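Structure assessment
Listed here are the chains, written in short residue letters.
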Amino acid sequence: MTSSSSREVIVEADGGSRGNPGPAGYGAVVLDPVTGETLAEAAEYIGVATNNVAEYKGLVAGLKAARALFPDCTVHVRMDSKLVVEQMSGRWKIKHPDMKPLAAEAGRVFPAGRVRYEWIPRERNKHADRLANEAMDAGKQGRQWEPSASTAALDASAARNAAAPPPSGPPGDATAGAARARAALGARSAGATGSATASGDDEGLFAAAFATEEALAASGDFEAEAAHPATAPPVAPAPGAPAPDASAPVASGASVPVVSASQGWSNGPDMGAPATFVLLRHGETALTPEKRFSGSGGSDPELSAAGLRQAEAVADALAARGTIQEIVSSPLTRCRQTAAAVAARLGLDVRVEQGLRETDFGAWEGLTFGEVRERHPEDLDAWLSSPKAAPTGGGESFATVARRVATTRDRLAAAYAGRTVLLVSHVTPIKTLVRLALGAPPESLFRMELSAASISAVAYYADGNASVRLLNDTSHLR
């Protein structure tokens, strides 16, 4: 059984006093570092106290909430109190008599070395700040804060959305894409048929393949509306079959729905920390905006100027999350360049893995979908109809790629059990990992959007089950 000591959670905490000293309260939230999912909240009105006392009490509450969820985890604490962060990091001395016992209590929750501290601006600590204010509001009314009354997560999300500029990322990660998909679905239900448009680089085949699926061409996202059952048990896979997790929702361009501390995996058997694959598609190349097939049998293009900017943006985002422990990359240049940008930012090495390379598209390399249709119509029809059909000229079929990717997945999951690993790869391998995790049929590859430099995530548990945590997150590019 794998220990859960490799699992990391984020604790954000805050405290406030209306008068300093005055009526005071604290708030703390435990977050999943990969998805941003709220795992637990804590808040309390503590009577008359100073800001610093309330902040320390919030820290203690957040650490205890994390320990209650995952006793052997490591914790990344983020607070906007410079005093608390510097004192708990050991860089500033603790002189105030009210602070010393609270700091000592915080230090006893987890062993030394399992907690690291980071100062963040107040505007990035809105969730915990809102909880502290809810606690103080409750105290003013002569009662204590109750979890059922919390709106902190919603308020924090609304604040982030209000501050975010309009989407400017690659096609398919804006709401217009979802609207087009819904319109296409409506047209199909009415008996209409339509053709598909390829949507970029090595992804051109997926959007294009909707030509055989009537009007299901999706150059945008499908909106996922899936609830997370509170106590759904893991689904045992059939021998030799990919292991689905029926309880895991999939969201395109967003994190999974909020699950409270009493829901989901916390009620199931202790499988230990999963091997978590953070799946990063490489940045754009010159072929991406031209929507050309670009696999492992072609020219091996470099990142374009836009792709290099995307690589730096995703490096910043992953550095802010602070959870990546290893980096593994496809051998192709565009992936190695993307991986190198992240590795330089995180101070990690990059391991090259041949199994993460893109499909070999044979004679179709460098062509648009329309050009393939003109030159090799029969081969294209066969390829769209069967995962066993290969592109013209001896390329790889989807079935061949799936076997390669599954073998690579199993080897990496065993090698990195309990760790969070960044896999820098391509459209086909990433979509295949998601498809296998869901136990979905091969044609599901044509129903996923995957933008350049997007982030997805899949967790692999010791019992063989998998959980899709994130799909096509492009928020860092906006």
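For the structure given in this document, a descriptive report is provided here. Everything numeric in this text was worked out from a predicted model, so none of it was measured.

**Focus: the packing of helix H1 (residues 51–69) against helix H3 (residues 99–109)**
Direction vectors running N to C along H1 and H3 enclose 15°, while the axes themselves pass 9 Å from each other. With respect to each other, H1 and H3 are oriented roughly parallel. H1 and H3 meet at a crossing whose hand is left-handed. Touching Asn 52, Val 53, Tyr 56, Lys 57, Leu 59, Val 60, Leu 63, Lys 64 and Arg 67 of H1 are Met 99, Leu 102, Ala 103, Glu 105, Ala 106 and Val 109, all from H3.

**Some points on the environment of Ala 24**
Its place among the elements puts Ala 24 in strand E2 (residues 22–31). Sequence separation of Ala 24 and Ala 49 is 25 residues, and the distance between their C-alpha atoms is 5.6 Å. Ignoring sequence-local partners within four residues, the contact set of Ala 24 consists of Gly 16, Ser 17, Glu 44, Tyr 45, Ile 46, Gly 47, Ala 49, Ala 54 and Met 136.

**Some words on the nonpolar core**
Membership of the largest hydrophobic core comes to 32 residues, with the highest contact counts inside it found for Val 30, Tyr 56, Leu 59, Leu 63, Val 75, Val 77 and Met 88. Broken down by secondary-structure element, the contributors of at least two residues to this core are strand E1 (8–17), E2, strand E3 (38–49), H1, strand E4 (74–79), helix H2 (82–88) and H3. Counting residues per element, this core draws most heavily on H1, at nine residues. When residues no more than four places from it in sequence are discounted, the contact partners of Met 88 are Tyr 56, Leu 59, Ala 103, Ala 106, Gly 107 and Tyr 117. The next biggest cluster of nonpolar side chains, apart from the first, holds 24 residues, and it includes Leu 412, Val 427, Val 434 and Ala 437.

Conventions used here
Residues numbered from 1 in each chain as written. Predicted model: local features only at pLDDT ≥ 70, side-chain atom pairs only at ≥ 80, totals over all residues. Heavy atoms only, no water. Axes fitted to C-alpha atoms, helices over the stretch in contact; angles between N-to-C directions. Helix = DSSP H or I, 4+ residues; strand = E, 2+ residues; numbered from the N terminus. Parallel < 35°, antiparallel > 145°, perpendicular 65-115°, else oblique. Left-handed = near helix turned anticlockwise from the far one by under 90°. Contact = heavy atoms within 4.5 Å. Core = buried A, V, L, I, M, F, W, Y, C linked by side-chain atoms within 4.5 Å. Buried < 20%, exposed > 50% of the residue type's maximum accessible area, 1.4 Å probe, protein only.

Functional significance is not addressed by these values, which are geometric in nature.
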